[in-house]
Every structure is written in structure tokens, then in C-alpha cells.
Amino acid sequence: LRVIDECLHILPEKTREIFRLHKLEYWPISRIAARFGLSEKAVEYHLTKSVRLVRTHLKEVMGLLLTAAGVF
């Protein structure tokens, strides 16, 4: 989780909070939308943006770890 926390800190606050609520606290999109006064599509946009960043960051970290371990 520390690696995810590191990359979430560069996200805008609202995007980071939406990711945290949905992916870590398992809130449904409809509940998040109501909390922030957003449409469900807007919440999905924030989730897509954050998941893409987390995925990219994790790939970079894994590449560095594998390189350091001599796998590549």
C-alpha cells in the first residue's frame, strides 16, 4: 500500500479521495457521487484517471525491482 500511497499524493485531492473511498473502503460509485455532488460519470472519470496513474507507477516500480534483482 505504501507504493500506492506515494503515487496518490501527486493526484488532485478530490481524485485521491474518490480512489480511496472506492478502492480501499469499497464505497459504491453512487454513494461517492452523492457525497461530492458529482454525477456517476464524473466519479468514474476520477477513478479511471487514478487507476491509470497507479497502474503506470506500479509497472515502473516492478521494472526497477526486477532490474535490481538481475532478472532483466
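Going by the structure above, here's the rest.
Scoring rules and cut-offs
- Residues numbered from 1 in each chain as written.
- Predicted model: local features only at pLDDT ≥ 70, side-chain atom pairs only at ≥ 80, totals over all residues.
- Heavy atoms only, no water.
- Helix = DSSP H or I, 4+ residues; strand = E, 2+ residues; numbered from the N terminus.
- Buried < 20%, exposed > 50% of the residue type's maximum accessible area, 1.4 Å probe, protein only.
- Contact = heavy atoms within 4.5 Å.
- Areas by Shrake-Rupley, 256 points an atom, 1.4 Å probe, with all protein chains shown as cover.
- Lys, Arg positive; Asp, Glu negative; His and termini not counted.
- Charge placed at Lys NZ, Arg CZ, Asp CG, Glu CD.
- Salt bridge = Lys/Arg side-chain N within 4 Å of Asp/Glu carboxyl O.
- Axes fitted to C-alpha atoms, helices over the stretch in contact; angles between N-to-C directions.
- Parallel < 35°, antiparallel > 145°, perpendicular 65-115°, else oblique.
- Core = buried A, V, L, I, M, F, W, Y, C linked by side-chain atoms within 4.5 Å.
- Nonpolar A, V, L, I, M, F, W, Y, C, P; charged D, E, K, R; others polar.

Trainee: Before we go on, may I ask you to explain the overall build of the protein in this structure?
Mentor: Secondary structure summary: the protein contains four helices and zero strands in total. The order of helices and strands in the protein, counted from the N terminus, is α-α-α-α. Taken over the C-alpha atoms alone, the protein extends approximately 50 × 20 × 20 Å along its principal axes. Counting every position in the protein, which comprises 72 residues, the buried fraction comes to 24%. Relative to all contacts within the protein whose residues are 6 or more apart in sequence, the contacts with residues 24 or more apart total 47%. On the protein, roughly 5,100 Å² of surface is accessible, and the fraction owed to carbon and sulfur atoms is 60%. Across the protein, the centroid of the 12 positively charged side chains sits 4 Å from that of the 8 negatively charged ones.

Trainee: So what exactly am I meant to see when it comes to the pattern of salt bridges here?
Mentor: Pairing is possible between side chains that carry opposite charge, provided their charged atoms lie close to one another. According to the stated counting rule, one finds four salt bridges in the structure shown. Taking the shortest distance from any N to any O, the salt bridge between Glu17 and Arg20 comes out at 2.4 Å. A residue pair is termed a helical-turn pair when its members lie 3 or 4 positions apart in one helix, as Glu17 and Arg20 do in helix α2 (residues 13-24) at three residues. The salt bridge partner of Arg35 is Glu17, with a shortest N-O separation of 3.6 Å. Highlighted residues: Arg35 in helix α3 (residues 29-36) and Glu17 in helix α2, separated in sequence by 18 residues. In this structure Arg35 comes out as partly exposed when scored by relative accessible area, which is 49%. With relative accessibility at 19%, the residue Glu17 sits in the buried group.

Trainee: What is the right way to look at the packing of α3 against helix α4 (residues 40-68) in this model?
Mentor: For any two helices packed against each other, one specifies the crossing angle of their axes together with the interaxial distance. Between α3 and α4, the least distance of the axes is 9 Å, while the angle of their chain directions is 105 degrees. Compared by their axis directions, α3 and α4 come out roughly perpendicular. Between α3 and α4, the contacting residues are Ile29, Ser30, Ile32 and Ala33 on the first element and Glu40, Val43, Glu44 and Leu47 on the second.

Trainee: Looking at this structure, I do not really get the nonpolar core. What am I missing?
Mentor: With seven residues, the main nonpolar core is built from Ile18, Leu21, Trp27, Ile32, Ala33, Val43 and Leu47. Looking at this core, the elements that each hand over two or more residues are α2, α3 and α4. Residue contacts for Ile32: discarding those within four places in its chain leaves Ile18, Leu21, His22, Trp27 and Val43.

Trainee: Could you clarify how one ought to interpret the packing of α2 against α4 in this entry?
Mentor: It is at 9 Å that the axes of α2 and α4 come closest, and there the two elements cross at 90 degrees. Taken together, the axes of α2 and α4 lie roughly perpendicular to each other. Each of Lys14, Thr15, Ile18, Phe19, His22 and Lys23 in α2 lies in contact with α4, whose residues at this interface are Val43, His46, Leu47, Lys49, Ser50, Val51 and Val54. The class makeup of the residues in the contact of α2 with α4 is six nonpolar, four polar and three charged.

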